[in-house]
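# Understanding the architecture of this molecule
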Amino acid sequence: MSEPAVHTPRVFSGVQPSGALHLGNYLGALVKFVALQNRMECLYCVVDMHAITQPQDPRLLAAQTREIAAAYFAAGVDPEKAIVFAQSAVPEHAELAWIFNCVARLGWLDRMTQFKEKTGKNKERASVGLYTYPVLQAADILLYRATHVPVGEDQKQHLELTRDIAAKFNNDFAAPDFFPLPEALIEGPGARVMSLRDGRTKMSKSDPSDQSRINLLDDAETIAAKVRRARTDAEPLPESPEGLKDRPEADNLVGLYAALSGETPAQVLQRFAGKGFAVFKPELADLMVERLAPVSDRMRRLMADPAEIDRALARGAERARALAAPILAETKRRVGYLQT
Ligand code: AMP
Ligand code: TRP
């Protein structure tokens, strides 16, 4: 196989099965996955190899992997169109990651802010896997020569590293254009959903407070209660988005309303200008329930039949391996491995 001069558009993205999915994952990732599947060839992976970079209960990991797959399908990802699979079912990811571990430089990884955020002062006790996590992510993407990667804003730096690895491989192995330099698709109203308890930190699976996030499987009462208790300020809503500056909590709630209703924040504010949160919050909660209830209902129905999910994932892994095999084989040839 020779290097394609121009790469065919192809989408790759992944979500870790490391806890319950939340509204940030839904808006930052799943909604975009669905929109892209009609326009390009898409691969959506459940990245269980990434999940074990931090401690996981082995009794839960498989169930969580199925749960993420169920969330993909429930959000509207169509297994006939997109390739949906579990990362560990395609060992080529680990093989390419090793080669990329030898391409990436320590200095590049030392700059990764997510590693620093996840480890804090406890760096010495972090797994080596957590450190080299972004290299595995680069392998995920480049194993399929993916050109577009829909993710939330927190993944921007990992995508820059992916491009650096692709460029260095192409350069070191005299193969210009062998790997594409993939682009992050971050734009969109839900690219950075913030915690309901603190408008300056992102909504996250790992936040110790469940009140900080809306989980995809929360019921209507729980959603309403979390929105009611969400932190806000005492001011009424402003007339335009400029008035949300320095009001991170208000900005987040208006942004969520806009993302869920398909309006712009300016349009939302036109309707709610001058009104207080006592009026706005119940409307936001209703909208959330209206949008999320059908997704969580479908998710629960799918999870009731784990064998069916496993069949869909097995089929996806087969299709993924067929795409990956020739690209990995050519990569190994370029590295100089003996061809068998
Ligand atoms: P993770 O839960 O870290 O595996 O993230 C899965 C996907 O959801 C990635 O594309 C993230 O960028 C995205 N994501 C996670 N948290 C948020 C958030 N608070 N706002 C927007 N996107 C998010
Ligand atoms: N690091 C991503 C996250 O935490 C998950 C991920 C792993 C991913 N491999 C990927 C995302 C490849 C996009 C492409 O959200």
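Residues numbered from 1 in each chain as written. Chains lettered and ligands numbered in written order. Predicted model: local features only at pLDDT ≥ 70, side-chain atom pairs only at ≥ 80, totals over all residues. Heavy atoms only, no water.

Glancing now at the site of ligand 1. Around ligand 1 sit 18 residues in total, of which Gly152, Asp154, Val193, Met203 and Lys205 are the nearest. Residue glycine 24 places a main-chain N or O atom 3.2 Å away from a nitrogen atom belonging to ligand 1. A distance of 2.8 Å separates an oxygen atom of ligand 1 from a polar backbone atom of glycine 152. Protein chains bury 91% of the 480 Å² of accessible surface belonging to ligand 1 in isolation. When atom positions are compared with the pocket grids, ligand 1 is found to occupy the largest pocket. It is helix H1 (residues 23-36) that provides the largest number of residues to the shell around ligand 1, a total of four residues. (Near = heavy atom within 4 Å. Polar contact = N/O pair within 3.5 Å; in protein donor to acceptor, adjacent residues only side chain to side chain. Areas by Shrake-Rupley, 256 points an atom, 1.4 Å probe, with all protein chains shown as cover. 1 Å grid on protein atoms, 1.4 Å probe; cavity = no way out; pocket = protein on both sides within 12 Å on 5 of 7 lines; lining within 4 Å. Sits in = over half its atoms within 2 Å of the grid points. Helix = DSSP H or I, 4+ residues; strand = E, 2+ residues; numbered from the N terminus.)

Here we take up the layout of surface pockets. Of the pockets and cavities examined, the largest pocket occupies roughly 1,100 Å³. Taken together, 44 residues line the largest pocket, and the ones lying closest to its centre are Gln16, Gln114, Asp154, Gln155 and Lys202. Elements with a minimum of two residues in the lining of the largest pocket: strand S1 (10-15), H1, helix H2 (48-51), helix H6 (113-119), helix H7 (128-142) and strand S4 (148-150). Here the residues of the lining of the largest pocket sort into 14 nonpolar, 21 polar and nine charged. (Points joined across faces, edges and corners; volume = space filled by probe spheres on them. Nonpolar A, V, L, I, M, F, W, Y, C, P; charged D, E, K, R; others polar.)

A word on the state of the cysteines. Put plainly, a disulfide is one covalent bond tying together the sulfur atoms of two cysteines. Here the structure, examined in full by the defined rule, presents zero disulfides. Left without a disulfide partner, cysteine 45 is nearest to the cysteine sulfur of cysteine 42, which lies 13 Å away. Taking the relative accessible area as the measure of exposure, cysteine 45 reaches 0% and is therefore buried. (Disulfide = S-S within 2.5 Å. Buried < 20%, exposed > 50% of the residue type's maximum accessible area, 1.4 Å probe, protein only.)

Bringing the domain arrangement of the protein into the picture now. Assigned domains of the protein: these are domain 1 (10-185 + 305-335) and domain 2 (210-300). Spacing between the C-alpha centres of domain 1 and domain 2 amounts to 30 Å. Taken together, both faces of the contact between domain 1 and domain 2 bury some 1,100 Å²; the carbon and sulfur share is 75%. Of all residues in domain 1, Leu23, Tyr26 and Ala74 give up the largest surface area on contact with domain 2, accounting jointly for 49% of the area buried on that side. Our count for the contact surface shared by domain 1 and domain 2 stands at zero salt bridges. Across the contact surface, domain 1 and domain 2 share four residue pairs in polar contact (both at pLDDT 80 or more). Secondary-structure elements contributing two or more residues to the side of domain 1 that touches domain 2 are H1 and helix H3 (58-75). Residue contributions to the side of domain 1 that touches domain 2 peak at five residues, all from H3. (Domains from an automatic or database assignment. Buried area = accessible area lost by both parts, 1.4 Å probe. Salt bridge = Lys/Arg side-chain N within 4 Å of Asp/Glu carboxyl O.)

Around ligand 2, 13 residues are found, and the nearest of them are Gln16, Tyr133, Gln137, Asp140 and Gln155. Glutamine 16 is positioned with one of its side-chain polar atoms (N or O) 3.2 Å from an oxygen atom of ligand 2. Contacts to ligand 2 include glutamine 137, whose side-chain N or O atom sits 2.9 Å from a nitrogen atom. Compared with its free state, where it exposes 370 Å², ligand 2 has 90% of that area covered by protein. Using a 2 Å cut-off from the grid points, one finds that ligand 2 occupies the largest pocket.

Moving on, we come to the packing of aromatic side chains. Each aromatic ring pair is summarised here by two numbers: the centre-to-centre distance and the angle between the ring planes. Scanning the entire structure with this criterion turns up 17 aromatic pairs. Ring plane angle 70° and centroid distance 6.4 Å describe the contact between phenylalanine 100 and phenylalanine 169, whose orientation is recorded as edge-to-face. Of this pair, phenylalanine 100 sits in helix H4 (residues 92-101) while phenylalanine 169 sits in helix H8 (residues 156-172), placing them 69 residues apart in sequence. Taking 5.1 Å as the distance between ring centres and 70° as the angle between the ring planes, the aromatic pair formed by phenylalanine 169 and phenylalanine 179 counts as edge-to-face. Pair noted here: phenylalanine 169 is in helix H8 and phenylalanine 179 is in the loop between H8 and strand S5 (183-185), with a separation of ten residues, a long-range link. Judged by relative accessible area, phenylalanine 169 falls into the buried class, the value being 0%. Taken together, Phe100, Phe169, Phe173, Phe178 and Phe179 form an aromatic cluster joined through their ring pairs. Stacked on the ring of phenylalanine 178, the Lys or Arg arginine 145 has its end atom at 4.5 Å from the ring centre. (Phe/Tyr/Trp six-rings, centres within 6.5 Å; stacked < 30°, edge-to-face > 60°. Lys NZ or Arg CZ within 6 Å of the ring centre and 35° of its normal.)

Leu23, Tyr44, Tyr72 and Phe280 are the most contacted members of the largest nonpolar core, which totals 57 residues. In terms of residue count, the dominant contributor to this core is helix H12 (residues 277-303) (nine residues). Looking at which domains feed residues into this core, each of domain 1 (10-185 + 305-335) and domain 2 (210-300) gives three or more. Excluding residues that lie within four positions of it along the chain, phenylalanine 280 makes contacts with Leu237, Leu253, Val254, Tyr257, Val268 and Phe272. Among the nonpolar cores identified, the runner-up in size contains 47 residues, and Phe12, Val103, Phe115 and Phe169 belong to it. (Core = buried A, V, L, I, M, F, W, Y, C linked by side-chain atoms within 4.5 Å. Contact = heavy atoms within 4.5 Å.)

Glancing now at H12. With 27 residues, H12 extends 36 Å from end C-alpha to end C-alpha; this agrees with the ideal 39 Å at 1.5 Å per step. In the structure, H12 departs most strongly from a straight axis at leucine 292, where the bend amounts to approximately 35° and where the proline proline 294 lies between one and four residues downstream. All of the buried residues in H12 are Phe277, Phe280, Lys281, Leu284, Ala285, Leu287, Met288, Leu292, Val295, Ser296 and Met299. In the core, the buried residues of H12 are packed alongside H1, H3, helix H9 (220-229), helix H10 (248-261) and helix H11 (265-272). (Expected span 1.5 Å × (residues − 1). Bend = angle between axes of the 7 residues up to and from the residue.)

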